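Notes for the structure review
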Amino acid sequence: AQSVTQPDIHITVSEGASLELRCNYSYGATPYLFWYVQSPGQGLQLLLKYFSGDTLVQGIKGFEAEFKRSQSSFNLRKPSVHWSDAAEYFCAVGSGGYQKVTFGTGTKLQVIP
Amino acid sequence: DVKVTQSSRYLVKRTGEKVFLECVQDMDHENMFWYRQDPGLGLRLIYFSYDVKMKEKGDIPEGYSVSREKKERFSLILESASTNQTSMYLCASSTRYQETQYFGPGTRLLVL
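Residues numbered from 1 in each chain as written. Chains lettered and ligands numbered in written order. Predicted model: local features only at pLDDT ≥ 70, side-chain atom pairs only at ≥ 80, totals over all residues. Heavy atoms only, no water.

1. A look at the nonpolar core
Residues A:Leu19, A:Trp35, A:Leu47, A:Leu48, A:Phe74, A:Leu76 and A:Tyr89 are the most contacted members of the largest nonpolar core, which totals 26 residues. Looking at this core, the elements with two or more residues in it are strand 2 (10-14), strand 3 (19-21), strand 5 (32-38), strand 6 (44-50), strand 8 (64-68), strand 9 (73-78), strand 10 (87-94) and strand 12 (107-112) of chain A. Other than its neighbours up to four places away in sequence, A:Tyr89 contacts A:Gln6, A:Leu21, A:Trp35, A:Tyr36, A:Val37, A:Leu47, A:Phe63, A:Leu76, A:Gly106, A:Thr107 and A:Leu109. Counting 20 residues, the second-largest nonpolar core is a separate cluster that includes B:Met32, B:Tyr64, B:Leu76 and B:Ala81. (Core = buried A, V, L, I, M, F, W, Y, C linked by side-chain atoms within 4.5 Å. Buried < 20%, exposed > 50% of the residue type's maximum accessible area, 1.4 Å probe, protein only. Helix = DSSP H or I, 4+ residues; strand = E, 2+ residues; numbered from the N terminus. Contact = heavy atoms within 4.5 Å.)

Here you go:
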């Protein structure tokens, strides 16, 4: 069965600092990988996704993620964090079609001035 | 823009009541999903539907049922609400190939 691990429950960074959120997945074939963001009181919004091709994926709001098959990882990065990035971030894995998408437990990001 | 709307943002019900949560999407998406979100547990799939009148159980279907009579509408039903169903409920939709799921704003349900 597919699974996703986000080892960091809560991360605090200073505004302007770089950010890396970790995601490890377990999946038997080539996965579809996603990062979603949830602002307080809102639903989830897609930041970026990887299906195939270039392993470095660019998303919205200046985020990027790198797929590393050898490490079963899909870490999310941003070079300079803004206060508005404070939110909860979810990594997810799926295979498309009729198969379900499995979400991680989320990482809550706090940004301090 | 894709829009997924949920009938209520906040709902308070009593134990034993029958509860209906409604979700509507306006992008003609084939797939629709119901999740519940709890602190520390992330999103857990309750049910999904890949076509009208079709449904598939997710990871935690016990205590819930669903209905999809029209393509744009997917309803979650709590037949007899219990306090352990107090949670945030999120609806989502996607195309058949699930490249992206689009989420509604969520319904925060409190069962007393």
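2. Describing the side chain of B:Arg36
Residues and elements named next belong to chain B. On the secondary structure map, Arg36 appears in strand 4 (residues 31-38). For Arg36, the side chain forms a polar contact with the side chain of Asp38, separated by 2.8 Å. A polar side-chain atom of Arg36 sits 2.9 Å from a polar atom in the side chain of Tyr64. Beyond its immediate sequence surroundings of up to four residues, Arg36 is in contact with Gly42, Leu43, Arg44, Ile46, Ile60, Tyr64, Asn84, Gln85, Thr86, Ser87, Met88 and Tyr89. (Polar contact = N/O pair within 3.5 Å; in protein donor to acceptor, adjacent residues only side chain to side chain.)

3. Details of the side chain of A:Gln2
Residues and elements named next belong to chain A. Within the fold, Gln2 resides in the segment before strand 1 (3-5). Within polar-contact distance, the side chain of Gln2 engages the backbone oxygen of Val93 at 3.2 Å. In terms of polar contacts, Gln2 uses its side chain to reach the side chain of Thr102, at 2.9 Å. Not counting residues up to four positions away in its chain, the partners in contact with Gln2 are Ser26, Tyr27, Val93, Gly94, Lys100, Val101 and Thr102.

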